[in-house]
Amino acid sequence: MKVSDMLRIAHSVSAKIHTVTPHTNIESVSKTLKRRGVGALPVLSEGILIGIISERDIVTRVVAEGLNPQHTLVVDVMTPSPTFVSLNHNLEECRNLMENGKFRHLPVLDSNKLVGMISVRDILVALIKSEAD
């Protein structure tokens, strides 16, 4: 199964992708993560993927370091230049990237444009649904 198929099953390629800018503060990011029910957000600068900010980044780089989330910016604690996949990657490749990189979210790019985000949960849902068919 390809990432494009998985996005159709788990989400929708046309679904709105929530992003943040490098100059968003961490308090705002945390509220967006909670409101959207997601564990990570892509960081875009002028439409270009430059990083990813995850719950883990916030816990380890903000909370554990005693930083003020109102004054800490995404650019200071995000994971820069994240690993990403294309619509043509298969789920096994995605799983291997996540396992080897020890992360749970992958941005999906098509012609250098962000078209989605997939998580470990998305892969599990897609695999379960595909086995049920």
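Everything numeric in this text was worked out from a predicted model, so none of it was measured.

Draft legend 1. Structural context of the pattern of salt bridges. This model, assessed by the stated rule, comprises 3 salt bridges. We note a salt bridge from D57 to R61, for which the minimum N-O separation is 3.2 Å. In this pair, D57 and R61 both sit in helix α3 (residues 55-63), 4 residues apart, roughly one turn of the helix. By relative accessible area, D57 is classed as buried at 6%. Between R95 and E92 there is a salt bridge, and its shortest N-O distance comes to 2.7 Å. One end of the pair is R95 and the other is E92, both in helix α5 (residues 91-101) and 3 residues apart, which spans about a single turn.

Draft legend 2. Just α5, in detail. For α5, every residue scored as buried is listed here: L91, C94 and M98. Buried residues in α5, looked at end-on, bunch into an arc of 60°, giving them a common side. Between the side-chain oxygen of the N-cap and the backbone nitrogen of E92 there are 3.0 Å, and the N-cap of α5 in question is N90. The first or second residue beyond α5 is K102, which carries a positive phi of 60°.

Draft legend 3. Structural detail: the packing of α5 against helix α6 (residues 120-132). Viewed as axis vectors pointing N to C, α5 and α6 meet at an angle of 150°, and their least axial separation amounts to 11 Å. For the element pair α5 / α6, the angle class is roughly antiparallel. The two elements α5 and α6 cross, and the hand of that crossing is left-handed. Two secondary-structure elements touch here, α5 through L91, C94, R95 and M98 and α6 through V120, I123, A126 and L127. For the contact of α5 with α6, the class distribution of residues is 7 nonpolar, no polar and 1 charged.

Criteria and thresholds
Residues numbered from 1 in each chain as written. Predicted model: local features only at pLDDT ≥ 70, side-chain atom pairs only at ≥ 80, totals over all residues. Heavy atoms only, no water. Salt bridge = Lys/Arg side-chain N within 4 Å of Asp/Glu carboxyl O. Helix = DSSP H or I, 4+ residues; strand = E, 2+ residues; numbered from the N terminus. Buried < 20%, exposed > 50% of the residue type's maximum accessible area, 1.4 Å probe, protein only. Arc of directions from axis to C-beta. Polar contact = N/O pair within 3.5 Å; in protein donor to acceptor, adjacent residues only side chain to side chain. Axes fitted to C-alpha atoms, helices over the stretch in contact; angles between N-to-C directions. Parallel < 35°, antiparallel > 145°, perpendicular 65-115°, else oblique. Left-handed = near helix turned anticlockwise from the far one by under 90°. Contact = heavy atoms within 4.5 Å. Nonpolar A, V, L, I, M, F, W, Y, C, P; charged D, E, K, R; others polar.

Limitation: the analysis is restricted to geometry and does not speak to function.
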